[in-house]
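# Structural overview
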Amino acid sequence: MPALIVGNWKMNGLGEDIAEIAAMAGSGARSVWIAPPFTLVDRAVIVSAGAVKIGGQDCHAKDKGAHTGCVSAAMLADLGATFVIVGHSERRRDNGEGDADVRAKVTAGRSAGLEVILCIGETREQRDAGDTNAVLTAQLAGSLPDEAEGLIIAYEPVWAIGTGLVPTLDDVAAAHAHIRGRLVARYGAAGHGIRILYGGSVTPANAADLLGVADVGGVLVGGASLTAQSLLAIAAAAP
Ligand code: PGA
């Protein structure tokens, strides 16, 4: 499986930035996915013409209804999005989302036919306390759906996101091995087929090392995904 390079634009991007997605799509790079803000999903789907898969950064757990300001997985699929990110630590922090909320969103995304990137990760305090594995276990137990199909996990240490700090390669390997163990315990053989991404301060400079770690199936990239030049440099670093 070629490494999967997923860009999360967060609350960045205006109409003029669509040119970056067009450049990514025109580059011929394989396995590049972008989650622009909701406001750009429609245009991004059109300019990428399938060469870059476009997804949402979140979705509501319900298909429709009285939820002002929210976007459903069905709406994303209707625009031509093919995936959705759920459980990002910024959503957990800013919107108080817990594992049960995240699980409901995973289920909504799958029901709408989207691939779902489920984000988990420990805080600095939890790592320093030696609780990383316990935190990951609990997050998975609370948020994994019934079926493994269409599921991708993103391991994103909260303290590594947007900080320029990255775990050691050994720590990344250990976390991914732990997550793999939980996935196999939950889904049996199907747990081996679930891709696990690393996220948190991935750059063109560190991508080759991170993508070379055992069981790192790709990367989830924030700041370094905003330009085609930077994201394509990360994609080029993939083994
Ligand atoms: P970062 O963000 O690459 O800017 O650290 C990663 C993420 O939040 O997915």
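Now for a look at the structure at hand. Note that this is a predicted model, so its numbers are computed, not measured.

Reading the values: the criteria
Residues numbered from 1 in each chain as written. Predicted model: local features only at pLDDT ≥ 70, side-chain atom pairs only at ≥ 80, totals over all residues. Heavy atoms only, no water. Near = heavy atom within 4 Å. Polar contact = N/O pair within 3.5 Å; in protein donor to acceptor, adjacent residues only side chain to side chain. Areas by Shrake-Rupley, 256 points an atom, 1.4 Å probe, with all protein chains shown as cover. 1 Å grid on protein atoms, 1.4 Å probe; cavity = no way out; pocket = protein on both sides within 12 Å on 5 of 7 lines; lining within 4 Å. Sits in = over half its atoms within 2 Å of the grid points. Pairing = 2+ DSSP bridges. Helix = DSSP H or I, 4+ residues; strand = E, 2+ residues; numbered from the N terminus. Axes fitted to C-alpha atoms, helices over the stretch in contact; angles between N-to-C directions. Contact = heavy atoms within 4.5 Å. Salt bridge = Lys/Arg side-chain N within 4 Å of Asp/Glu carboxyl O. Buried < 20%, exposed > 50% of the residue type's maximum accessible area, 1.4 Å probe, protein only. Lys, Arg positive; Asp, Glu negative; His and termini not counted.

### Quick word on the site of the ligand
Close to the ligand lie 13 residues, the nearest being Lys10, His88, Glu156, Gly162 and Ser201. A distance of 2.6 Å separates an oxygen atom of the ligand from a polar atom in the side chain of His88. Gly162 has a polar backbone atom sitting 2.6 Å from an oxygen atom of the ligand. Protein contacts shield 94% of the accessible area of the ligand, which totals 280 Å² for the unbound molecule. At a threshold of 2 Å from the grid points, most atoms of the ligand map onto the second largest pocket.

### Quick look at the sheet that holds strand 4 (residues 83-86)
Spatially, 1-2-3-4-5-6-7-8 is the arrangement adopted by the eight strands of the closed barrel, whose pairing is parallel. For this sheet, the mean inter-axis angle between neighbouring strands, taken without regard to orientation, is 25°. Here two bridges tie strand 3 (residues 53-56) to strand 4, and the two strands are oriented parallel to one another. Residue Gly55 lies in a different strand from strand 4, and its bridge partner there is Phe83. Strands strand 5 (115-120) and strand 6 (151-155) of the sheet are contacted by helix 7 (residues 132-143), whose axis makes an angle of about 145° with strand 5.

### A closer look at the pattern of salt bridges
Under the definition given, this model contains 14 salt bridges. For Glu97, the salt bridge is made with Arg91, and the minimal N-O distance between the two is 2.9 Å. Looking at Glu97, the relative accessible area reads 10%, which means it is buried. Here Arg124 makes a salt bridge to Asp128, at a shortest N to O gap of 3.0 Å. Of this pair, Arg124 and Asp128 both sit in helix 6 (residues 124-128), separated by four residues, roughly a single helical turn. A residue is classified by how much of its surface remains accessible, and Asp128, at 57% relative accessible area, is exposed.

### Section: the side chain of Glu156
Looking at the secondary structure, you find Glu156 in the loop between strand 6 and helix 8 (169-187). Buried charge without a partner: Glu156 forms no salt bridge, and the closest opposite charge is Lys10, 6.5 Å away. The residues touching Glu156, leaving out its near neighbours within four places in the chain, are His88, Cys119, Ile120, Gly121, Glu122, Ile161, Gly199, Gly200 and Leu220.

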